[in-house]
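Observations on the three-dimensional arrangement
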Amino acid sequence: MGSMIELKELTKRYGDTTAVDRLSFEVRPGVVTGFLGPNGAGKSTTMRMMLGLHRPTAGVALIGGRRYDEIRHPLHEVGAVLDADAAHPGRSAFTHLACLARSNGIGKARVNAVLDQVGLAAVAHKRVGGFSLGMRQRLGIAGALLGDPAVVLLDEPVNGLDAAGIRWIRSTLRSLAAEGRTVLLSSHLMSEMAVTVDRVLIIGKGRLIEDTSVAEMRDRFERDVLVRTPRTAELTGVLTRLGATVTRTGDGDLVTVGVDAPAIGDAAAAASIPVHGLTPRSATLEDVYLEMTNEAAEYRAVAEGDRR
Amino acid sequence: MNVFRDAVAAEWMKVRTLRSTWAFLAGGVATTALGALILFSLVQSYDAATPADRANFETADPTVVTMPFVMFFIGAIGAMLITSEYTTRSIGPALLAVPQRRLLLGAKATVAGLVGLGCGALFALLAFADARLVLGDRPKPINPWPQWTGAIPTILCAALIVLVTCLVAMGLGAIVRSTAAALTTLGALVLVAPIFAHFLPTVWQLRLASILLPNLTPQLAGSDHPYLLSQGGAAAVTAAYVLIALTAGAVSFSRRDA
Ligand SMILES: Nc1ncnc2c1ncn2[C@@H]1O[C@H](COP(=O)(O)OP(=O)(O)OP(=O)(O)O)[C@@H](O)[C@H]1O
Ligand SMILES: [Mg+2]
């Protein structure tokens, strides 16, 4: 049921800062796609351009083959939350949603249904100004779900949420994707994405760094084993013959890639080489992500330092 | 599927559910009540005066006193249609729901126009009712309308000018985006500028006063007034206000990032 999101050479410049730089990618239906990047990478700017709030300097973003501002009654096709604080504090949750619903020909029954779905039915007629951050996030999501859209876009939806709120968003998004919808959510933290998303788009400095699946990213980890032995030269020979790639650390330890810890232990025992330490190491998704975006983040820190 | 009709219905719902709308309406009511009070005391001193003095009384047209304030309050409702969304960031969801900027602005202008015309007519009629009740059938010059039918052009034109003010204020809101800035500019335009005009050299005084929004009412109605424009000229200036405000508002609203 979902529609494809396509970006073609999307670019946004503010004066001489390039916030988004010739960004091209596709977001497919049926899976949750994470849109990752460090602070200032251009995630919000990109999403605002997809939704017609910001005008691209160049390039286009298409949802189901059309620009967002070409869609009539768009809430039926796309639901989005860009900002948890985007409701008038003087209106009640119900009137806030009812105004949005009315503009897209959606009835009040549906407003009550989404309020129920996000767990705000009890406070439907309370002023939004008194809501906690978690309640405002839920209200935003209720607004996104009003038209039962095939595409859902969320900018940093778990910012400021407690553990229960994060779990709720996760399961909501996963079930939306399972129903065949296109789900894109942004974050600057890999850790919160790892369990929620199937695919990741990683950007830095407004450019696409990676377009991959979480499974692929895990497989690409360098898994290595740190081996400590008094007879490094002999063990290096043994392990190399097993097909491992062996390097030496500054402390005289061996870093072994290509064979796992039990195989190393067995081979050392068979050759009667004593082993004093055997530590399997695996990078976390967070490590890999940080490594990928490091360059972009460093550049940004330097650039900001220069400006001051 | 009528996108424009739905957008207008949503804007109507928004204006009804803003507390400030009702506060500004209350401001209009208070102004009208105050105007009635002033008129009442004026008539008392008129009744106490000698016939010779009575002939020197100025015309007690309540629309001259109250309508500039009504224009400010009702215009504020029009400005808030846009500025309340920018100041609370609810412009984001509003544009997600209706991403066609011109269409959204058109829907807001329609509601501003309806509110302006409705409230303008209401308050102009209230001022007229005041005058009838308090002045009764006292003669000219204190009574501007010894025959009630004489008031019809003034009432219609006063309502029209409130409508125009509401559209101008909405256009201002689209340009400045901030409630404070929009209301300050609106106040300057309808309340301060007419006073300021008095401090200009005499030639300029009349020229400026003739094109100010509150002073367009008598010029449009063709009633007794000191200003320079013919009815046709006043109509042209009125149309220019609407055209300039809506065009500038639309350009600003559709060109800039939300
Ligand atoms: N209106 C604007 N005017 C000037 N520069 C802007 C504007 N909006 C964003 N930027 C710049 O564009 C870049 C991208 O910002 P953006 O908000 O899209 O990043 P982000 O990836 O969403 O970051 P975060 O994780 O902090 O939300 C930043 O360098 C920012 O300073
Ligand atoms: Mg952001």
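With an unreviewed UniProt entry as reference, chain B is termed ABC transporter permease, source organism Actinoplanes aureus.

Cis geometry is found at the peptide bond from Lys140 of chain B to Pro141 of chain B, where omega equals 5°. On the secondary structure map, Pro141 of chain B appears in the loop between helix H6 (101-135) and helix H7 (152-176). Not every positive phi belongs to a glycine, and Glu156 of chain A is a case in point at roughly 50°. Relative to the elements of secondary structure, Glu156 of chain A occurs in the loop between strand S6 (151-155) and helix H5 (163-178). The exposure class of Glu156 of chain A is buried, given its relative accessible area of 13%.

The next subject is the sheet that holds strand S4 (residues 58-63) of chain A. Pairing between the strands of a sheet is mediated by backbone hydrogen bonds and can be parallel or antiparallel. All names here are of chain A. Pairing within the open sheet is antiparallel, and its 3 strands lie in the order S2-S1-S4. Single-partner strands in this sheet number two, and they are strand S2 (17-27) and S4. Between one strand axis and the next, the sheet turns by 20° as a mean value, whatever way the strands run. Across 7 bridges, strand S1 (residues 5-14) lies against S2 in antiparallel orientation. Among the inter-strand pairings, Glu6 is bridged to a residue of S2, identified as Glu26. The sheet contacts of helix H1 (residues 43-50) involve S1, S2 and S4, and relative to S1 the element is tilted by about 120°.

Residue and element names in this part refer to chain A. Near ligand 1 the following residues occur: Tyr14, Ala19, Pro38, Asn39, Gly40, Ala41, Gly42, Lys43, Ser44, Thr45, Glu156 and His188. Within the side chain of Ser44, a nitrogen or oxygen atom sits 2.7 Å from an oxygen atom of ligand 1. Contacts to ligand 1 include Thr45, whose side-chain N or O atom sits 2.5 Å from an oxygen atom. In the complex, 59% of the free accessible area of ligand 1, which totals 640 Å², lies under the protein chains. At 3 residues, H1 tops the list of elements feeding residues into the shell around ligand 1. Taken together, the residues that form the shell around ligand 1 break down as 4 nonpolar, 6 polar and 2 charged.

Along its sequence, chain A is organised into domain 1 (5-212) and domain 2 (222-282). Between the C-alpha centres of domain 1 of chain A and domain 2 of chain A the distance comes to 48 Å.

Using the residue numbers shown here, the UniProt feature "transmembrane region" (unreviewed entry) corresponds to residues 21-43, 63-82, 103-128, 148-173, 180-200 and 233-253 of chain B. The straight-line gap between the two end C-alpha atoms of residues 63-82 of chain B is 28 Å; of that span, 100% is helix and 0% is strand.

The next point concerns the interface of chain A and chain B. The interface of chain A with chain B comprises 35 residues on the first partner and 30 residues on the second. Interface area, chain A with chain B, both sides summed: about 2,800 Å², of which 58% is carbon and sulfur. Counting across the chain A and chain B interface gives 4 salt bridges. We note a salt bridge from Lys12 of chain A to Asp257 of chain B, for which the minimum N-O separation is 2.8 Å. When residues of the side of chain A that touches chain B are traced back to their parent elements, those giving at least two are S1 and helix H2 (93-103) of chain A. Among the elements that make up the side of chain A that touches chain B, the one with the highest residue count is H2 of chain A (6 residues). Here the residues of the side of chain A that touches chain B are counted per class, giving 14 nonpolar, 9 polar and 12 charged.

About the criteria used
Residues numbered from 1 in each chain as written. Chains lettered and ligands numbered in written order. Predicted model: local features only at pLDDT ≥ 70, side-chain atom pairs only at ≥ 80, totals over all residues. Heavy atoms only, no water. Helix = DSSP H or I, 4+ residues; strand = E, 2+ residues; numbered from the N terminus. Buried < 20%, exposed > 50% of the residue type's maximum accessible area, 1.4 Å probe, protein only. Pairing = 2+ DSSP bridges. Axes fitted to C-alpha atoms, helices over the stretch in contact; angles between N-to-C directions. Contact = heavy atoms within 4.5 Å. Near = heavy atom within 4 Å. Polar contact = N/O pair within 3.5 Å; in protein donor to acceptor, adjacent residues only side chain to side chain. Areas by Shrake-Rupley, 256 points an atom, 1.4 Å probe, with all protein chains shown as cover. Nonpolar A, V, L, I, M, F, W, Y, C, P; charged D, E, K, R; others polar. Domains from an automatic or database assignment. UniProt positions renumbered as here; feature names shortened; annotations may be inferred. Buried area = accessible area lost by both parts, 1.4 Å probe. Salt bridge = Lys/Arg side-chain N within 4 Å of Asp/Glu carboxyl O.

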